[in-house]
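Letter by letter, the chains look like this.
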Amino acid sequence: MSILVINAGSSSVKFGQFDFESLEPTARGLLDWAGQARRAVVTLTPADGPAVRAEVDVPDYRAGVIAALRMLRESKLVGDAAGIRVVGHRLIHGGEEIRRPVRIDAAMKETIARYKHLAPLHVPAGLEAIAATESALPGVLQVGLFDTAFFADIPPSAYLYPVPYAWYEDWGIRRYGFHGTSHAYCTDRATEMLDRARAGLRLVICHLGQGGSATAVRDGVAVTNTMGFTPLEGFMMGSRCGTVDPGILLYVMREKGLSFGELDEVLHHRSGLLGLSGLSADFRRVETAAAEGHRRAQLALDVYAYRVKTMIGALAVTLAGIDALVFTGGIGENSAWLRAEVCRGLECLGVRLDEQRNAACRPDADVAAADSPARVLVIHTREDLMIARESRRLALESP
Ligand code: ADP
């Protein structure tokens, strides 16, 4: 029996299959439209064999997911429908209502749909993936894990914005936090690596991928996250700006005539590493260019590291100090330069990096100096495994 994990993005869908008993990954899949409207590519990769690839004609998103699920079954990678005990979905937004992993039924689909306006690309994609699963795998239990749920307990002082209170009451404008599945996984993994109880443990977890956010965690519970009402707040990202003075937005609209649409495009797709370097939203490419002497690439990296460092400081004071700093995500796991640059100056928080361990790091690893009061952990995030684990738990609890 197996668990199928589905991560429905706006222009691609990732699949992961896990053995129900051992939670070992057995296959993964990708459905990618790559900019085409009615044609998509499905790639299936078994854990122990070569990938198979096929192009499918699909009229819409749901049909794409149905086609990919059919391929998964026909390839015998996931076995027949009876072999799939539970399907776990990664879902982006559960508002204030959804605080833990849930069983998806008709009422839950309605609840999820209420948050469409808060994540207009991702919530509909998640609902389409749920509908596709219902159609391709009728009767199979479906479970949802929400990126916002890990932040259900952050206090009002951390989640309220200093704008009219009615914006919160009437429009739900508050900080929600994102990347919760990754932060929850890293919380568990860090606790295990440190061989500590959750009680009393203070962590700052930096998830640095295409998007980026940090979470302060005390006693295993999130205290705050740097992303806010939307995933645009917080760290500078690949092509997203992160936190900027909102006065800039008023200024460029009023004085430079930028429309809502232009601003939306610039802040999401033409800012961050891409905006500053003028080269790429991809950290590795910017790092390579900087090493070759590209001045603006280096500038982009410097701003990136500065912002990560200062936000770690802000989170650390909410915990009155840290026991461990965690790096994860494609950049956090792979860029030794970034980790070293961020940790320089964090000695005041008891963070002392071992330069050699950092340079040679293979996650999961502790790269702090032996005498460092705070540990520095590099963890390979496994959101899919987290979803598989929780889906299994709910399946075992279900009648
Ligand atoms: P996503 O947020 O889409 O899941 P990832 O977590 O895979 O993305 O992170 C993607 C980022 O990680 C990219 O900016 C990429 O350049 C960066 N990255 C991946 N490998 C390396 C590396 N070896 N060195 C530096 N950056 C890397």
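Just above, that's the structure.
Note that the coordinates shown come from a computational prediction; the quantities given were computed from them, not determined experimentally.

**Re the site of the ligand**
(1) Moving on: Taken together, G209, Q210, G211, D282, F283, R284, E287, G329, G330, I331 and N334 make up all the residues around the ligand.
(2) Moving on: Relative to its free-state accessible area of 580 Å², the ligand is covered by the protein chains to the extent of 69%.
(3) Moving on: Counting residues per element, the ones that place at least two in the shell around the ligand are α10 (283-291) and α12 (329-334).
(4) Moving on: Counting residues per element, the shell around the ligand draws most heavily on α12, at four residues.
(5) Moving on: The class makeup of the residues in the shell around the ligand is two nonpolar, six polar and three charged.

**Thoughts on the sheet that holds strand β2 (residues 12-19)**
(1) Moving on: The strand order across the open sheet built from eight strands is β5-β4-β3-β2-β1-β6-β8-β7, with neighbouring strands paired in mixed fashion. Looking at the sheet topology across the chains shown, the edges are occupied by β5 (52-57) and β7 (102-103).
(2) Moving on: Note: strand β4 (residues 39-46) against β5, six bridges, orientation antiparallel. Each bridged residue has a counterpart across the sheet, and for R39 the counterpart in β5 is D57.

**Section: unusual backbone geometry**
(1) Moving on: Cis geometry is adopted by the peptide bond preceding D364, which originates at P363 and carries an omega value of 0 degrees.
(2) Moving on: Among the secondary structure elements, D364 is positioned in the loop between α14 (355-359) and β13 (365-366).
(3) Moving on: Phi at H179 takes a positive value of approximately 65 degrees, unusual for a residue other than glycine.
(4) Moving on: By the element assignment, H179 lies in the loop between α5 (165-171) and α6 (180-194).
(5) Moving on: Of note, D219 is a non-glycine position whose phi angle comes to about 55 degrees, a positive value.

**Thoughts on the sheet that holds strand β12 (residues 324-328)**
(1) Moving on: If you trace the six strands from one edge of the open sheet to the other, you get β11-β10-β9-β12-β14-β13, paired in mixed fashion. Either end of the sheet is taken by a strand with one partner, and the two such strands are β11 (221-225) and β13.
(2) Moving on: This element, helix α11 (residues 295-318), spans β9 (202-208), β10 (212-218), β11 and β12 of the sheet and lies at about 155 degrees to β9.
(3) Moving on: Strands in contact with helix α13 (residues 336-343) are β9, β12 and β14 (375-378); relative to β12, the strand with the most contacts, it is inclined by about 150 degrees.

Conventions adopted
- Residues numbered from 1 in each chain as written.
- Predicted model: local features only at pLDDT ≥ 70, side-chain atom pairs only at ≥ 80, totals over all residues.
- Heavy atoms only, no water.
- Near = heavy atom within 4 Å.
- Areas by Shrake-Rupley, 256 points an atom, 1.4 Å probe, with all protein chains shown as cover.
- Helix = DSSP H or I, 4+ residues; strand = E, 2+ residues; numbered from the N terminus.
- Nonpolar A, V, L, I, M, F, W, Y, C, P; charged D, E, K, R; others polar.
- Pairing = 2+ DSSP bridges.
- Contact = heavy atoms within 4.5 Å.
- Axes fitted to C-alpha atoms, helices over the stretch in contact; angles between N-to-C directions.

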